[in-house]
Amino acid sequence: PAWMQVCLGVVGALVLWVRSLIWRLMRVTWVVLVLMASILRTFRLAGAASGKGVTAIWEMSHRVHAKFMMEAVADLSGFYVKIAQSLSVQTAIPEAFHLELTKLQDAMPADPHEEVERTLAEELGKDWRKKVILHPGPPLGSATIAQVHRATLRVPGPDGVEKEVQGVIKVQHRKMQGNLTADMYAAGLLGRVFAFISPDLCDDMGDII
């Protein structure tokens with residue numbers, strides 16, 4: 001029956017969303033735990049050093065941690081990139097983090113050309129090539145949510161005759177909408193966990209997220 005097919009489709013979509021939420025939450029938790037463990041180790045090393053040795057240890061630590069965080073956030077994409085972009089302009093973070101996280105402002109990895117074509121087919125229909133001619137080559141830019149490509153657009157003219165116009169199209173990264181929703185739930189949960197572990201430092205983190 002039709003109603004059963006609809007129900008199965010809804011249940012299947014819900015299962016996929018929950019699986020994405022759990023998987024991404026596990027990845028973020030792993031990144032946080034690795035960073036925390038490494039920072040604690042740095043505290044121990046710095047505590048056993050003195051003078052310029054302490055400064056050198058922390059400078060090296062910041063460079064390593066900043067690189068690790070930038071790569072992890074770029075891989076996760078979506079909501080976490082937005083957080084990292086906001087952090088990159090904060091004056092309170094070490095310079096190494098500022099230098100690495102600033103790279104996320106306009107240098108996000110682009111989707112392959114094949115995935116862009118799949119997205120266009122899903123959004124515009126199987127005959128999307130009659131409406132848009134996607135130019136070959138890499139995108140003009142790739143940001144958190146979408147990437148921009150040169151394209152020739154086929155649009156109706158004032159006389160009703162179709163004409164070609166040179167322009168650009170902005171294509172959302174695949175699965176971005178689902179990832180953003182899952183990430184907001186995951187980030188809110190993490191904020192409340194940290195607030196429970198360290199209420200003095202993270203009391204308002206959950207509410208802010």
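You'll find the structure just up there.
Everything quoted here is computed from the prediction, not taken from an experiment. All residue numbers refer to position in the chain's written sequence, counted from 1. Totals for whole chains, interfaces and linings use every residue, but because this is a predicted model, local features are given only for residues with pLDDT of at least 70 and side-chain atom pairs only at 80 or more, for both listing and counting. As a convention, hydrogens and water are excluded, and side-chain values are obtained from all of the structure's heavy atoms.

## What to know about the packing of aromatic side chains
Here is the rule we go by: Stacked, tilted and edge-to-face are the three classes assigned to paired rings of Phe, Tyr and Trp, where Trp is represented by its six-membered ring and a pair needs centres within 6.5 Å; plane angles under 30 degrees give stacked, over 60 edge-to-face, the rest tilted. Numbering of helices and strands runs from the N terminus, with a helix taken as a DSSP run of H or I at least four residues long and a strand as a DSSP run of E at least two residues long. Per-residue accessibility, obtained with a 1.4 Å probe over protein chains only, is compared with the maximum for each type, and a residue is labelled buried under 20%, exposed over 50%, and partly exposed between these values.
According to the stated counting rule, one finds 1 aromatic pair in the structure shown. Centre to centre, the rings of Phe 43 and Trp 58 are 4.9 Å apart; their planes meet at 80°, and the pair counts as edge-to-face. Of this pair, Phe 43 sits in helix α1 (residues 2-48) while Trp 58 sits in helix α2 (residues 52-76), and the two are 15 residues apart along the sequence. Overall, the relative accessible area of 52% leaves Phe 43 in the exposed class.

## Remarks on the environment of Met 60
Assignment of secondary structure puts Met 60 in helix α2. For Met 60, a relative accessible area of 46% gives the class partly exposed.

## A look at the pattern of salt bridges
Keep this limit in mind: Salt-bridge detection follows one rule: a side-chain nitrogen of Lys or Arg within 4 Å of a carboxyl oxygen of Asp or Glu.
One pass over the full model with this rule turns up 5 salt bridges. For Glu 71, the salt bridge goes to Lys 67, with nearest N and O atoms at 3.8 Å. With a gap of 4 residues between them, Glu 71 and Lys 67 both fall in helix α2, about one helical turn apart. Relative accessible area serves as the criterion here: at 44%, Glu 71 is assigned to the partly exposed category. With a relative accessible area of 35%, Lys 67 lands in the partly exposed category.

## With respect to the nonpolar core
Spelled out, the test is: Among the buried residues, those of types Ala, Val, Leu, Ile, Met, Phe, Trp, Tyr and Cys that are joined through side-chain atoms within 4.5 Å form a nonpolar core. By the convention used here, residues are in contact when the closest approach between their heavy atoms is within 4.5 Å.
Counting 19 residues, the largest nonpolar core has Met 69, Val 73, Tyr 80, Val 81, Ala 84, Leu 101 and Leu 104 as the members making the most contacts within it. Broken down by secondary-structure element, the contributors of at least two residues to this core are α1, α2, α3 (79-88) and α4 (95-101). Counting residues per element, this core draws most heavily on α2, which supplies 7 residues. Ala 84 has contacts with Val 73, Leu 101 and Leu 104, leaving out every residue within four places of it along the chain. Val 116, Ala 151, Ile 169 and Val 171 belong to the second-largest nonpolar core, a separate cluster that totals 8 residues.

## Notes on helix α5 (residues 113-124)
Filter applied, for reference: Helices are assigned an expected span. That span is 1.5 Å times one less than the residue count. The arc in question is traced by the directions running from the helix axis to the C-beta atoms.
The end-to-end C-alpha distance of α5 is 16 Å, a good match for the 16 Å that 12 residues give at a rise of 1.5 Å each. Looking only at α5, the buried set comprises Val 116, Thr 119 and Leu 120. Each buried residue of α5 lies within a common arc of 100° when the element is viewed along its axis, so the set occupies one face. Among the exposed residues of α5, those oriented more than 90 degrees off its buried face are Glu 114 and Glu 122. Positive backbone phi, approximately 100°, marks Gly 125, located one or two places after α5.

## Some remarks on the side chain of His 173
The line we're drawing: What qualifies as a polar contact is a pair of N or O atoms within 3.5 Å, subject to a donor-acceptor requirement within protein and to the restriction that residues adjacent in sequence count only when both atoms come from side chains.
Inspection of the secondary structure puts His 173 in the loop between β4 (162-172) and α6 (176-197). His 173 gets classed as buried once you look at its relative accessible area, which sits at 6%. Within the local environment of His 173, its side chain forms a polar contact with the side chain of Asp 111, the two groups lying 3.1 Å apart. Beyond its immediate stretch of four places on either side in the chain, His 173 contacts Pro 109, Asp 111, Ser 142, Ala 143, Thr 144, Ile 145, Ala 146 and Gln 147.

## Notes on the environment of Pro 138
Of note, Pro 138 is situated in the loop between β1 (132-134) and β2 (141-142). The spatial distance from the C-alpha of Pro 138 to the C-alpha of His 149 is 7.5 Å, given a sequence separation of 11 residues.

## A word on the pairing of strand β3 (residues 146-156)
Rules: When DSSP finds at least two bridges between two strands, those strands are taken to pair.
Pairing of β1 with β3, which is carried by 3 bridges, proceeds in the antiparallel orientation. Bridging across to β3, Val 132 finds its partner in Leu 153. Sheet topology note: the β2/β3 ladder contains 2 bridges and is antiparallel. Residue Ser 142 lies in a different strand from β3, and its bridge partner there is Gln 147. Counting the residues that bridge the hairpin from β2 to β3 gives 3 residues. As paired elements, β3 and β4 share 11 bridges and run antiparallel to each other. Paired with Ala 146 across the two strands is Gln 172, which belongs to β4. A loop of 5 residues connects β3 with β4, the two strands running antiparallel in sequence, and Gly 160 in this loop sits at a positive phi of about 90°.

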